[in-house]
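# Architecture at a glance
This is what each chain is made of:
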Amino acid sequence: MDPYLNDWLNLVLRWLHVVAGIAWIGASFYFIRLDLSLLSPKRDEDAKRGVGGEFWSVHGGGFYHTQKYRVAPETLPSPLHWFKWEAYTTWLSGFSLFVVLYYVNAETYLIDPQVADIRPLVAVSASIGLLAAAWMIYDLLCRLLGGRDWLLAVAIVALTVAAAYGVSHLYSGRAVYIQIGAMLGTIMAGNVFFNIIPAHWELVRAKKAGREPDPALGLQAKQRSVHNNYLTLPVVFTMISNHFPFTYGHDHGWLVLVALVVLGAWVRHFFNLRHAGRNAWWIPVTAAAAVVALAIAIRPDEGGGGGGPVAAVTAEEAQAIVQQRCVPCHSDEPTQEGFETAPGGVTFDTVEETESQAQAIKAQAVDSNAMPLGNVTGMTDEEREQLGAWIDSLE
């Protein structure tokens, strides 16, 4: 694909994905808060009409009175507003972005030969298969475990751990995070498409046919909606994870991912309890402590590399490594396929340019294996240690 076209597709799809994601997650946050904050209706006539709870709020210069029916109103209102295209657009734009960035450029972004020497077609096929498998296994767990929410939560966490560990032996560190995020996002979109919206349609059809709607359908849809709510913060992290190479570039990046995913869901639990009237402040305290512990645990060793002492490295020797391993992409005239301009506008054509970006090189190529992308140029551990020794000598 033409690199310039690729850049524009990246821009447009990423913009759409973020906007749609904001709309979907915002609706999830609002409706779960609404559901958890409902109070019994104060008027007897409302209760007789089937109203199960009500919620008063103030926003945008006005007061709002929202009511939720236990099952359905006596007559269907018109218009009836649905919330589905936010979810569909988020998934479709996200998958399209996945294709443009990771599938079309699989050798650069998806595959790391040091992790698994596989062909692009195999890597892409496995990725798509994992998306489908994530939904099917999750859906099966929901059907088998039913209303045993805590057992189901443990099973979902175990599924995430197994997936992260397995994928870490297949793709580059950066791609692992995006793949797991895409799998979780597919579960969320699958909940909307296969469970939540069909349940809503059945409620509507029952009312139109003069039948009493089955409340069990609404309860099942609510369970899936709550699951989606808990997955929002983990998925948002994976969406922005490519900006944090110290996480995915760690030797145990998959485990770091699992920790951050669990912490995201844990923080979401605090807000859900708070909306229900319970202030479990020990949850954010333990989450903050866990973040500090994780930061300490994955802090890079001083000097980088983790090996023994490295002999002094001259600027010329360091630049020779950079020229061979980094300049194919980071140059005024990139030679690496798929790059028309230097990523981020960062170039290493001269020693002066390299020195100006020394700390960034240390963070992404010495303290982690985030760069080169997919290690497409084959940087060795010895070369990373040499770069680290040279950068340390600059301080």
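In what follows, the structure referred to is the one given above.
This text gives an overview of the structure that appears in the document.

Conventions used here
- Residues numbered from 1 in each chain as written.
- Predicted model: local features only at pLDDT ≥ 70, side-chain atom pairs only at ≥ 80, totals over all residues.
- Heavy atoms only, no water.
- Helix = DSSP H or I, 4+ residues; strand = E, 2+ residues; numbered from the N terminus.
- Contact = heavy atoms within 4.5 Å.
- Areas by Shrake-Rupley, 256 points an atom, 1.4 Å probe, with all protein chains shown as cover.
- Lys, Arg positive; Asp, Glu negative; His and termini not counted.
- Charge placed at Lys NZ, Arg CZ, Asp CG, Glu CD.
- Salt bridge = Lys/Arg side-chain N within 4 Å of Asp/Glu carboxyl O.
- Pairing = 2+ DSSP bridges.
- Core = buried A, V, L, I, M, F, W, Y, C linked by side-chain atoms within 4.5 Å.
- Buried < 20%, exposed > 50% of the residue type's maximum accessible area, 1.4 Å probe, protein only.
- Expected span 1.5 Å × (residues − 1).
- Arc of directions from axis to C-beta.
- Phe/Tyr/Trp six-rings, centres within 6.5 Å; stacked < 30°, edge-to-face > 60°.
- Lys NZ or Arg CZ within 6 Å of the ring centre and 35° of its normal.
- Disulfide = S-S within 2.5 Å.
- Axes fitted to C-alpha atoms, helices over the stretch in contact; angles between N-to-C directions.
- Parallel < 35°, antiparallel > 145°, perpendicular 65-115°, else oblique.
- Left-handed = near helix turned anticlockwise from the far one by under 90°.
- Nonpolar A, V, L, I, M, F, W, Y, C, P; charged D, E, K, R; others polar.

The next subject is the overall build of the protein. Along the backbone of the protein there are 15 helices and 2 strands. In the protein, of all internal contacts separated by at least 6 residues, the share reaching a separation of at least 24 is 65%. In the form shown here, the protein has an accessible surface area of approximately 21,200 Å², with 63% of it arising from carbon and sulfur atoms. Considering the protein, the positive charge centre built from 26 side chains and the negative charge centre built from 37 side chains are found 23 Å apart.

Right, let's talk about the pattern of salt bridges for a bit. Between side chains of opposite charge, a pair can form when the charged atoms approach closely. If you walk through the whole model with that rule in mind, you get 11 salt bridges. Note that D35 and K68 form a salt bridge whose closest N and O atoms lie 2.4 Å from each other. One end of the pair, D35, is in helix α1 (residues 3-37); the other, K68, is in strand β2 (residues 62-69), with 33 residues separating them in the sequence. Residues participating in the shared-partner salt-bridge network are R43, E45, D46 and R49.

Two elements, strand β1 (residues 51-59) and β2, share 8 bridges in a ladder whose sense is antiparallel. Residue G53 lies in a different strand from β2, and its bridge partner there is K68. Linking β1 back to β2 in an antiparallel pair, the connection comprises 2 residues, with G60 at a positive phi of about 60 degrees.

Let's shift gears to the nonpolar core. Core analysis: the largest hydrophobic core is formed by 61 residues, its most contacted members being Y102, L110, I180 and L257. Taken together, the elements giving at least two residues each to this core come down to α1, α3 (85-103), α4 (106-110), α5 (120-145), α6 (149-167), α7 (173-208), α8 (215-240) and α10 (253-275). Among residues more than four places away in sequence, those in contact with L257 are A164, V176, Y177, I180, F237 and T238. V322, V327, W390 and I391 belong to the second-largest nonpolar core, a separate cluster that totals 16 residues.

Once that is clear, we can look at unusual backbone geometry. With glycine set apart, most residues show a phi of negative sign, and most peptide bonds adopt trans. Note the cis peptide between S78 and P79, where omega equals 0 degrees. Summarising the element assignment, P79 is placed in the loop between β2 and α3. Of the consecutive residues M371 and P372, the connecting peptide bond is found in the cis state with omega at -5 degrees. Structurally, P372 can be placed in the loop between α14 (358-366) and α15 (381-394).

Before going further, it helps to spend a moment on α6. For α6, spanning 19 residues, the distance from its first C-alpha to its last is 27 Å, which sits close to the expected 27 Å at 1.5 Å a residue. Inspection of α6 places L152, A155, I156, T160, A163, A164 and V167 among the buried residues, and these make up the whole buried set.

For helix α12 (residues 315-325), the full list of buried residues reads A318, Q319, I321, V322 and R325. Projected down its long axis, α12 carries its buried residues within an arc of 155 degrees, all on one side. Turning to α12, the residues buried within the fold contact α13 (351-356) and α15.

Turning to the side chain of H227, a few remarks are in order. Tracing the backbone shows H227 in helix α8. Under the relative-accessibility criterion, H227 is labelled buried at 13%.

Moving on, we come to the packing of aromatic side chains. Summed over all chains, the structure comprises 20 aromatic pairs. With 5.0 Å between their ring centres and 90 degrees between their planes, F193 and F194 make a pair best called edge-to-face. F194 gets classed as partly exposed once you look at its relative accessible area, which sits at 49%. Ring geometry for F270 and W281: centres 5.1 Å apart, planes at 50 degrees, overall tilted. With F270 in helix α10 and W281 in the loop between α10 and α11 (282-297), this pair connects stretches of sequence that are 11 residues apart. Note on F270: relative accessible area 5%, which makes it buried. R268 extends its terminal NZ or CZ atom over the ring of F29, reaching a point 4.0 Å from the ring centre.

Summed over the entire model, instances satisfying the criterion amount to 0 disulfides. Considering cysteine sulfurs only, C329 is the nearest to C326, which forms no disulfide, with 8.7 Å between them. Residue class for C329 comes out buried when judged on its relative accessible area of 12%.

Before going further, it helps to examine the packing of α14 against α15. With their axes 10 Å apart at the nearest point, α14 and α15 run at an angle of 150 degrees to one another. By the criterion of interaxial angle, the relationship of α14 to α15 is roughly antiparallel. In this structure, α14 crosses over α15, and the sense of that crossing is left-handed. Side by side, α14 and α15 meet where A358, Q359, I361, K362, A365 and V366 of the first sit next to R384, L387, G388, I391, D392 and L394 of the second. Its residues assigned to classes, the contact of α14 with α15 comprises 7 nonpolar, 2 polar and 3 charged.

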